[in-house]
Amino acid sequence: MKEYQGQLTAPAEAKFALVVSRFNEFITSRLLSGAVDALHRHGVDEDDVEVVWSPGSFEIPVIAARLAESGQYAAVVCLGAVIRGGTDHYQYVAAEVSKGLSVVALRSGVPCIMGVLTCDTIEQAVDRAGAKSGNKGAAAAVAALEMVNLLRQLPGNES
Ligand code: INI
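Predicted model, so just to flag it, every value in this text is computed and none were measured. Just so you know, the residues in each chain are numbered from 1, in the order the chain's sequence is written. With pLDDT at 70 or above as the cut-off, local features in this predicted model cover only qualifying residues; side-chain atom pairs require 80 or more to be listed or tallied, and sums for whole chains, interfaces and linings still use all residues. Heavy atoms from the whole structure form the basis of all side-chain values; hydrogens and water molecules are not counted.

**What about helix 3 (residues 89–108)?**
Thinking step 1. Put simply, DSSP H or I for four residues or longer makes a helix, DSSP E for two residues or longer makes a strand, and each gets a number counted from the N terminus. Helix span, as expected, comes to 1.5 Å for every residue beyond the first. Compared with an ideal rise of 1.5 Å per residue, which puts 20 residues at 28 Å, helix 3 spans 28 Å between its outermost C-alpha atoms and is within 8% of the ideal.
Thinking step 2. Under the scheme applied here, a residue whose accessible area is under 20% of the maximum for its type counts as buried, over 50% as exposed, and between as partly exposed, the area being computed with a 1.4 Å probe on protein chains only. Taken as a whole, helix 3 has its buried residues at Tyr90, Val93, Ala94, Val97, Gly100, Leu101 and Val104. One face of helix 3 carries all of its buried residues, which in axial projection span an arc of 140°. Exposed and oriented more than 90 degrees from the buried face of helix 3 are Tyr92, Leu106 and Arg107.
Thinking step 3. Note on helix 3: the residue one or two positions beyond its end, Gly109, has a positive phi of about 80°. Summarising the geometry, the arc corresponds to the directions from the helix axis toward the C-beta atoms.

Right under this line is the structure:
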């Protein structure tokens, strides 16, 4: 039986794009710190990490699409915080960013990691941005490493 699994080490000659939302920057800056820290601690060179700021989470997919289609990045790590407010706006933003990222990843073949929190409360978001529930930005970065290493092993890899 042949079994594939992605290692969590820095892949050779791989650049990582991090797309981070300015909306709820209090939370997303913590996700960004977690993602950058995780990449560095797994051996990714600082020069192989590029950060792009998005106005809000809704705009992340179009930025991710440009980056993924450029062919310059092994993975795009998307970071945002969608937090429920007094209206149903939250639902539209959360649905579009998750759907958009999945479309971009499937069309481009480049992993677009969903590090966008979708929370009912600010407290839930804080918990996931470096407090009680860890740092989901770091988790997203580790998922990116795993996906890049995994895709390089699977049939059809050209690199
Ligand atoms: N953007 C977020 O990233 N998080 C939110 O919680 C949020 N809410 O709830 O409004 C949000 N809205 C802005 C949205 O992403 C767009 O930037 C805006 O609608 C302009 O297109």
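There's more to say after this.
**Some words on the side chain of Asn135**
Thinking step 1. By secondary structure assignment, the location of Asn135 is in strand 6 (residues 134–135).
Thinking step 2. When its relative accessible area of 19% is taken as the criterion, Asn135 is described as buried.
Thinking step 3. Each polar contact in these results corresponds to two N or O atoms within 3.5 Å; when the atoms are within protein, one needs to be able to donate a hydrogen and the other to accept it, and residues that are neighboring in sequence are counted only if both atoms are side-chain atoms. From its side chain, Asn135 meets the backbone oxygen of Arg30 in a polar contact 3.0 Å long.
Thinking step 4. Within the local environment of Asn135, its side chain forms a polar contact with the backbone nitrogen of Gly137, the two atoms lying 2.8 Å apart.
Thinking step 5. Between two residues, a contact is recorded if the distance between any of their heavy atoms is within 4.5 Å. Excluding residues within four positions of it along the chain, Asn135 makes contact with Arg30, Leu31, Gly34, Arg128, Ala129 and Gly130.

**Let's talk about the pairing of strand 3 (residues 75–83)**
Thinking step 1. Of all nine residues in strand 3, nine are buried, a share of seventy percent or more.
Thinking step 2. Of the two faces of strand 3, the one carrying Ala75, Val77, Leu79, Ala81 and Ile83 and the one carrying Val76, Cys78, Gly80 and Val82 are both buried.
Thinking step 3. We treat two strands as partners when DSSP finds at least two bridges between them. When strand 1 (residues 16–21) meets strand 3, the two strands line up parallel, connected through five bridges. Each residue of the ladder has a partner; that of Val19, found in strand 3, is Cys78.
Thinking step 4. With eight bridges joining them, strand 3 and strand 4 (residues 112–119) adopt parallel strand pairing. Residue pairing for strand 4: Leu79 is matched across the bridge by Gly115.

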